[in-house]
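So you can see what is in the structure, the chains are spelled out below.
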Amino acid sequence: MRLLGVELRRFGARRAVRWCALATVLYALVVGLVVASRPEDFAGAADVVRAHAPVLLVFAFAAGVTLVTAETGTGALGLWLTVEPRRGRVLASRLAAAALGAMVVLAVAYAVLAGGAYLVRRVVGGLGAIGTYVWVGLFQTGLALLLAGVLAALAGVALGVLLQRVTAVIGAVVAWFVVVEVGLVELVSSELWRWTFSAKLPSLVIEGDVNAAAFLLGAAVVLVLVAGVVLRRRDVV
Amino acid sequence: MNPGLAIETLGLRKTFRTARGRLVAVEGLDLRVPTGGVHCLLGPAGAGKTTTVRMLLGLARPDAGAIRVFGVPVPDRLAEVAERTGVVLEGRRFFPGFSGRRSLTLLAAAAGVPRARVDEVLELAGLTDRAADLFGTYSAEAVQRLAVAAALLRDPELLVLDEPTSALDPAGVRDVRSLVRNLADQGCTVLLTSHVLAEAQQLADTVSVLAEGRLVAQGPVADLLGDGRVTVRARVAEPALAGRAAEVLRGAGVEHVRTEGEVVVVDGIADPADVTRALARQKLWVSELVPQREDLAGVLLRLAGAAAPSGGVVRPVATKQAEAPTPKPAAAAAKAAAARLETPGPKAGPGSKPGGPEPRTGQGPKTEPGSKTGPGSKTAPEQKPAASAQPKPAVKASAADKSSPEDAPKPADPPGRVRPGGTLPPGVKPTPSQNGQSKHKPANGPEKKGGAA
């Protein structure tokens, strides 16, 4: 717990994380206002809000990546490991800090997104009839967003450990999407698309698909396990 | 495990994969660091010093061999060792966006150290005034001070410093050396790496000399490196009086005086001013005086020469352990490293960063920050008797070492001749010591250490 507390303080104190969080909340605010300005009633606007929720996951992933790569880049990891040499604990505390930090920011951003749309509609009028299903849908999306945010943060930390540099992670993610999620699907079979992250993430967040959750959870666990093995065995500069 | 040892390694080996195949960074290293005092890992760049330190700290995994720190196997029980160890690694190892205080506070929290200790170590490191500044604005010296402060957070029993004075200005070097010496005097075991011979001579009690990943020699600094005394080559205004000048010096109590043609050579003198003073009293005027100090390349060659028969020079380090020879290639490694040091090149100039040879002294005495033998520095009178002691062989195995300077065999390489595998820098005359001749038994190590800074 001591390490987790330190990692959370470090997470919150980092300028890169703060800027990313601010950008995420601002994005949510702008989208919420734009959605609120559309002609349909709030029930229709809620669908648009839920459709935009997966975009917020970018923050969780980026925060996870930068939490690790910043240390590698500055050489601070070596110093850190002289204070706490149990690498498993170090990785676990980072995963937990990234997940918790991401959840907090995503919760705030989603509240701004959905709440902003609701409040604007309420002020300017045109809420329309809001059935229970609208609130349930928004709540389910919120929960799914938090779960997906945790998985994205874990994946970000794991990829940060494996590739060590932000540029390498960006390159790997872009290459994955271009080669696998676009190229392979186009060349081999469009049926493969439903097994891509591009399909599974919205499926989890918007529709609350349990299969998608299991798929993404499996992917995150594999990445974390590989990262754990690599961090234990790797020489640290 | 020997109870008198803070660190012990056995057959440590580390290789790295490179584009050209496997690079052996450390080979068969049997390191023994006694508890208490300052131990220096001395060697040129690429000698394996930092790799060794990283293995000791668990940052790098050895390919083979065993490590024990305070009797605890590493890396198996590294956490136990970490609680008793403070570390200063080379480089800027903090977040540029955090202040020095925040960096230390986070480290202290991770280490379970009370926050009040942060202010204490900031004070100790002389960084209180800059504690609130962002680390990104720190100078090299402030960076090093912060690293030292971080290392002291746990009030360590073992302090490991990797090139602690590199990139520091003379005042910073003096401060760091003073701090290190004070900690050692308070009972802390200090292991530091350095490529600066004078640093090892002034600061360390024991030394391990590495070259190309192999242990060339280890033992007390006084036995292996000498105490930084200089060989003085003096020329009197009237060349014909060189012999008389030698007699005058001997009569004045200066020992180890000989002549080489028109030059009077005095080996192992603490203060070159003694020569001019003695000659001036007899109205023999010195027209040229060149103090020359053995450099790292010279040390490596000398130790390599001594190591050749048994493969390595290992002297007991504050324990009663029997000599444990290291693999034979140590001598060859030392010679190769020495040759590289002596080869002029972009990396070999005076003042070059790690691995560069130390500044030669052919054109004047070398001034080390904090040096006791530099110009203007004083040598305590009580060190004099040691200077007049009979020269002792630095290394047992070498035939040359058994001779006193007066009757020592001529250096293997005549002055100015290019040595195999390397050349001398322009304008530098090889001294006898640079050619592998033994140095004298120096003054007692601990006496000179106290005021190293």
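Being a predicted model, the structure only gives us computed values, none of them experimental. (Residues numbered from 1 in each chain as written. Chains lettered and ligands numbered in written order. Predicted model: local features only at pLDDT ≥ 70, side-chain atom pairs only at ≥ 80, totals over all residues.)

## Thoughts on the overall build of chain B
When helices and strands are tallied, chain B shows 14 helices and 16 strands. In chain B, once contacts between residues fewer than 6 apart in sequence are set aside, the share between residues at least 24 apart is 72%. (Helix = DSSP H or I, 4+ residues; strand = E, 2+ residues; numbered from the N terminus. Contact = placed C-beta atoms within 7 Å.)

## Focus: the overall build of chain A
Each helix and strand in chain A was counted, giving 10 helices and zero strands. When the helices and strands of chain A are placed in sequence order, the string is α-α-α-α-α-α-α-α-α-α. When the backbone C-alpha atoms are referred to their principal axes, chain A occupies close to 60 × 45 × 25 Å. When the 237 residues of chain A are sorted by exposure, 44% land in the buried category. For chain A, restricting intrachain contacts to residue pairs at least 6 apart in sequence, the fraction spanning at least 24 positions comes to 86%. (Buried ≥ 20, exposed ≤ 12 C-beta atoms within 10 Å, placed from the backbone.)

## Thoughts on the sheet that holds strand β14 (residues 263-269) of chain B
Residue and element names in this part refer to chain B. Pairing is antiparallel across the open sheet formed by four strands, whose spatial order is β13-β14-β12-β15. Since the sheet does not close on itself, it has two edges, and those belong to β13 (257-260) and β15 (286-292), each with one partner. Neighbour-to-neighbour, the strand axes of the sheet open up by a mean angle of 25 degrees, direction not taken into account. By the bridge criterion, five bridges tie strand β12 (residues 230-236) to β14 in an arrangement that is antiparallel. Bridge pairing in β14 places Val232 opposite Val266. Each of β12, β13 and β14 is contacted by helix α9 (residues 242-251), which is oriented at about 170 degrees to β13, the strand it contacts most. Across the sheet, helix α10 (residues 273-281) lies against β12, β14 and β15, angled at about 155 degrees from β15, the strand it touches most. (Pairing = 2+ DSSP bridges. Axes fitted to C-alpha atoms, helices over the stretch in contact; angles between N-to-C directions.)

## Description of the interface of chain A and chain B
Counting residues at the interface gives 24 residues for chain A, matched by 26 residues for chain B. Per-element accounting of the side of chain A that touches chain B gives the leading share, seven residues, to helix α1 (residues 2-13) of chain A.

## Quick notes on helix α1 (residues 49-56) of chain B
The element α1(B) is extensively covered by neighbouring structure, given that eight of its eight residues are classed as buried. Gly58(B) lies just past α1(B) and shows a positive phi near 80 degrees.

## Looking at the domain arrangement of chain B
Segmenting chain B into domains produces domain 1 (5-224) and domain 2 (230-292). One C-alpha centre belongs to domain 1 of chain B, the other to domain 2 of chain B; they are set 42 Å apart. (Domains from an automatic or database assignment.)

## Notes on the packing of helix α9 (residues 197-207) of chain A against helix α10 (residues 210-233) of chain A
Residues and elements named next belong to chain A. Two elements in contact, α9 and α10, have axes whose closest approach is 8 Å; the angle formed by their N-to-C orientations is 125 degrees. Between α9 and α10, the angle falls in the class oblique. The interaxial crossing formed by α9 with α10 has left-handed handedness. Residues Lys200, Ser203 and Leu204 of α9 form the contact with α10, whose participating residues are Ala212, Ala213, Phe215 and Leu216. Considering only residue class, the contact of α9 with α10 consists of five nonpolar, one polar and one charged. (Parallel < 35°, antiparallel > 145°, perpendicular 65-115°, else oblique. Left-handed = near helix turned anticlockwise from the far one by under 90°. Nonpolar A, V, L, I, M, F, W, Y, C, P; charged D, E, K, R; others polar.)

## Considerations on the packing of helix α3 (residues 42-52) of chain A against helix α7 (residues 132-163) of chain A
Residue and element names in this part refer to chain A. Two elements in contact, α3 and α7, have axes whose closest approach is 10 Å; the angle formed by their N-to-C orientations is 10 degrees. On the basis of their axis angle, the class for α3 and α7 is roughly parallel. In this structure, α3 uses Ala43, Ala46, Val49 and Arg50 to contact α7, whose residues at the interface are Val134, Gly137, Leu138 and Thr141. Here the residues of the contact of α3 with α7 sort into five nonpolar, two polar and one charged.

## Quick look at the nonpolar core
Counting 175 residues, the largest nonpolar core has Ala102(A), Ala153(A), Val216(B) and Leu300(B) as the members making the most contacts within it. When residues no more than four places from it in sequence are discounted, the contact partners of Ala153(A) are Ala60(A), Phe61(A), Ala63(A), Gly64(A), Ala98(A), Ala99(A) and Ala102(A). Membership of the second largest hydrophobic core comes to 20 residues, among which are Ala242(B), Ala245(B), Leu249(B) and Val275(B). (Core = buried A, V, L, I, M, F, W, Y, C linked by C-beta atoms within 7 Å.)

## A few points about the confidence of the model for chain A
In this model, chain A carries a mean pLDDT of 91, and residues with pLDDT of at least 70 account for 100%. When pLDDT is averaged over each element of chain A, α10(A) comes out on top at 96 and α3(A) at the bottom at 86. (pLDDT = per-residue confidence, 0-100.)

## What about the confidence of the model for chain B?
Residues and elements named next belong to chain B. Mean pLDDT over chain B stands at 73; residues scoring 70 or higher make up 68%. Across chain B, strand β5 (residues 64-69) holds the top mean pLDDT of 96, while helix α13 (residues 384-387) sits lowest at 31. The model gives residues 344-453 a pLDDT under 50, and that stretch makes 213 contacts with residues more than four places away or in other chains. Both confidence scores are given for the complex: pTM 0.73, ipTM 0.88.

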